[in-house]
Amino acid sequence: MGGGSQQTVPGEPDSGKAKGVYTWEEVQSHCSRNDQWLVIDRKVYNITQWAKRHPGGFQVISYYAGEDATEAFTAFHPDPKFVQKFLKPLLIGELATTEPSQDRDKNAAIVQDFETLRAQVEKRGLFRAQPLFFFLHLSHILLLEALGWLTVWMWGTGWIQTLVCSVFLATAQSQAGWLQHDFGHLSVFKKSSWNHLAHKFVIGHLKGASSNWWNHRHFRHHAKPNIFIKDPDINTLHLFVLGRTQPVEYGIKKIKHMPYNRQHQYFFLVGPPLIIPVFFNIHVMQTMVSRRDWVDLAWFISFYLRFFSSYIPLYGLAGSLVLIIIVRFLESHWFVWVTQMNHIPMDIDHEKHKDWLTMQLQSTCNIEQSFFNDWFSGHLNFQIEHHLFPMMPRHNYHLVAPQVRELCEKHGVPYQEKTLWRGFADIVTSLKTSGDLWLDAYLHK
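Residues numbered from 1 in each chain as written. Predicted model: local features only at pLDDT ≥ 70, side-chain atom pairs only at ≥ 80, totals over all residues. Heavy atoms only, no water.

Here the focus is the overall build of the protein chain. On a plain count of helices and strands, the protein chain comes out with 17 helices and eight strands. Relative to the compact-globule value of 22 Å for 445 residues, the protein chain shows a C-alpha radius of gyration of 23 Å, a close match. When the backbone C-alpha atoms are referred to their principal axes, the protein chain occupies close to 80 × 55 × 45 Å. Considering the protein chain as a whole, with its 445 residues, one finds that 54% of them fall into the buried category. (Helix = DSSP H or I, 4+ residues; strand = E, 2+ residues; numbered from the N terminus. Rg over C-alpha atoms; globule rule 2.2 N^0.38 Å. Buried < 20%, exposed > 50% of the residue type's maximum accessible area, 1.4 Å probe, protein only.)

The final tally for this structure, using the stated rule, is 20 salt bridges. Residue D182 pairs with R394 through a salt bridge whose shortest N-O separation is 2.9 Å. On the criterion of sequence distance, the pair formed by D182 in helix α7 (residues 159-184) and R394 in the loop between α15 (383-388) and α16 (397-411) is long-range, its members being 212 residues apart. Of the two residues, D182 and R394, both sit in the buried class. R405 is the partner of E417 in a salt bridge, and the nearest nitrogen-oxygen pair spans 3.7 Å. In this pair, E417 sits in strand β8 (residues 417-418) while R405 sits in helix α16, placing the two residues twelve residues apart along the sequence. Owing to a relative accessible area of 41%, E417 belongs among the partly exposed residues under this scheme. (Salt bridge = Lys/Arg side-chain N within 4 Å of Asp/Glu carboxyl O.)

Further remarks concern the nonpolar core. Core analysis: the biggest nonpolar cluster contains 67 residues, and Y64, W356, L357, L388, F389 and V404 have the highest contact counts within it. Element by element, the count of residues in this core is highest for helix α12 (residues 294-340), at eleven residues. Not counting residues within four places of it along the chain, the set of residues in contact with L388 comprises F114, R118, W356, L357, Q360, L361 and V404. Grouped together as the second largest cluster of nonpolar side chains are 26 residues, W334, V336, F424 and I427 included. (Core = buried A, V, L, I, M, F, W, Y, C linked by side-chain atoms within 4.5 Å. Contact = heavy atoms within 4.5 Å.)

Below, the discussion takes up the packing of aromatic side chains. The final tally for this structure, using the stated rule, is 38 aromatic pairs. Between F279 and F280 the ring centres are 5.7 Å apart and the planes differ by 45°, which places this aromatic pair in the tilted class. Here a set of aromatic residues connected by ring pairs shows up, and it is made of F240, Y266, F267, F268, W337, W421 and F424. Over the face of the ring belonging to Y64 we find K224, whose NZ or CZ atom lies 4.2 Å from the ring centre. Above the ring of Y442, the side-chain terminus of K254 is found at 5.4 Å from the ring centroid. (Phe/Tyr/Trp six-rings, centres within 6.5 Å; stacked < 30°, edge-to-face > 60°. Lys NZ or Arg CZ within 6 Å of the ring centre and 35° of its normal.)

Mapped onto the secondary structure, S211 falls in helix α9 (residues 211-223). Separated by 2.9 Å, the side chains of S211 and K200 make a polar contact. (Polar contact = N/O pair within 3.5 Å; in protein donor to acceptor, adjacent residues only side chain to side chain.)

Time to look at the packing of α7 against α9. For any two helices packed against each other, the geometry comes down to the angle between their axes and how far apart the axes lie. Where α7 contacts α9, the two axes come as close as 11 Å, and the packing angle between them is 80°. The pairing of α7 with α9 is recorded here as roughly perpendicular in orientation. Residue-level contacts link Q180, H181 and G184 of α7 to W214, N215, H218, F219 and H222 of α9. For the contact of α7 with α9, the residue count by class is two nonpolar, six polar and no charged. (Axes fitted to C-alpha atoms, helices over the stretch in contact; angles between N-to-C directions. Parallel < 35°, antiparallel > 145°, perpendicular 65-115°, else oblique. Nonpolar A, V, L, I, M, F, W, Y, C, P; charged D, E, K, R; others polar.)

Turning our attention to a nonpolar patch on the surface. A cluster of nonpolar side chains, namely L143, L147, L150, W153, M154 and W155, defines an oily patch on the protein surface of about 640 Å² accessible area. On the basis of relative accessibility, which here comes to 48%, the residue M154 falls in the partly exposed class. (Patch = residues over 30% accessible without salt bridge, like charges linked within 9 Å, V, L, I, M, F, W, Y side chains within 5 Å. Areas by Shrake-Rupley, 256 points an atom, 1.4 Å probe, with all protein chains shown as cover.)

Looking now at the confidence of the model for the protein chain. Per-residue pLDDT for the protein chain averages 94, and the proportion of residues at 70 or more is 96%. Within the model, the stretch residues 5-17 combines pLDDT values under 50 with 20 contacts to residues more than four positions away or in other chains. (pLDDT = per-residue confidence, 0-100.)

Counting buried residues along strand β4 (residues 35-40), five of its six residues qualify, which places the element largely inside the surrounding structure. Judged from the two bridges that link them, strand β3 (residues 31-32) and β4 form a sheet pairing that is antiparallel. Residue pairing across strands places S32 opposite D35, the latter belonging to β4. Judged from the four bridges that link them, β4 and strand β5 (residues 43-46) form a sheet pairing that is antiparallel. (Pairing = 2+ DSSP bridges.)

Our next topic: the environment of D103. Here D103 is to be found in the loop between β6 (91-95) and α5 (108-123). For D103, a relative accessible area of 0% gives the class buried. On a C-alpha basis, the gap between D103 and Y22 in space is 13 Å, while along the polypeptide they are 81 residues apart. The residues touching D103, leaving out its near neighbours within four places in the chain, are W24, Q28, G66, E67 and D68. Within the structure, D103 has its side chain in polar contact with the backbone nitrogen of D68 (distance 3.5 Å).

Unusually for a residue other than glycine, D41 sits at a positive phi of about 50°. The residue D41 is located in the loop between β4 and β5 in this model. According to the relative accessible area criterion, D41 is exposed, its value standing at 53%. One non-glycine residue, R292, lies in the positive phi region at around 55°. With a relative accessible area of 63%, R292 lands in the exposed category.

What follows deals with α16. Note that an α-helix has 3.6 residues per turn; residues three or four places apart therefore point the same way. In this model, α16 (15 residues) spans 21 Å end to end at C-alpha, consistent with the 21 Å of a helix rising 1.5 Å per residue. Taken as a whole, α16 has its buried residues at Y397, V400, A401, V404, L407 and C408. (Expected span 1.5 Å × (residues − 1).)

Here you go:
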């Protein structure tokens, strides 16, 4: 039970168990892999065993071991009352009355103001989706797929027709990527089970990937964005050094897996063309097989059965394989530029234990709004609002953005917004800056 004093926690229905009263110092000491406590609304929970059964994966909940997880818990769970029945057996006590609600470097005023903003947003109904929006989005994806097939069925399989078909299919794949993102964040239907089912259909049958692979990877990114080791999106397998801290650390240690001072150049050969066709496809397969995720594997297979049954009669097996590679190649460029323009140029560092708003704003930026930018990025041009409210339907981001900006101005938290082209350019510029920092440290420190 630890060093906390024992008492019966008020409000616990005759559990028959004495609960502890703990300090932050005691809570923070339980943050190892085999000993994990966390705090939600001042209640202390021992999640050591539960972490392995956590539906979102053990890593994302373990990231908050030894911390106040209240803001993350609220951000990721659409029905906190339902989740309480899983938390209740894990309750071991509460914070001492002399302890603050926030731990470490979390700003209590920002936390309180953001909680107020969230309550206002919920009251305005901004967490309610418009079904017509998502129906039309799905419809235009299916239309793009049909146009791709009709192009080569009606006019032949020449290179021009194949290129047109590839553009249609790559556009459908990219837009399906944004749609599966909506379902994965439980932001479309009121019932989580409906979102999960729709997610498997879109990412599995329409895209040929795995919903569980995406969930376990993507929520880690949201929980601790741009934080080394914890955010898988900045785990670049030594191909790149990112931010201002990692390049210097690599340079001082004389680590040179790649000529990092050239990374802004070889990025064009490694990043956009290969992330989906090579890295993601291999990782998806490895994950499904190693976890024996046969349901996701079945959805995955259904995509390729549908694709090859549609195009083998037109192209043959070899031609169909070339077609899917071209489509993945085009889709990969789209995906990388859109997803990295909001994060790579931002602060990338080790864990600093900041409050939710500060952590998200330091690691994300927005791209200015326009009809094209909204469509092209799946509304991820509002990356700030998406990270602050991951379950909010994307068509409502622009409605909450002015209030978020006002809150940031009040507390002096930078709120960055750029043009689309500036966002693209900043990816390359930031890679060059990081590469130069590495070279300087490698040669002179």
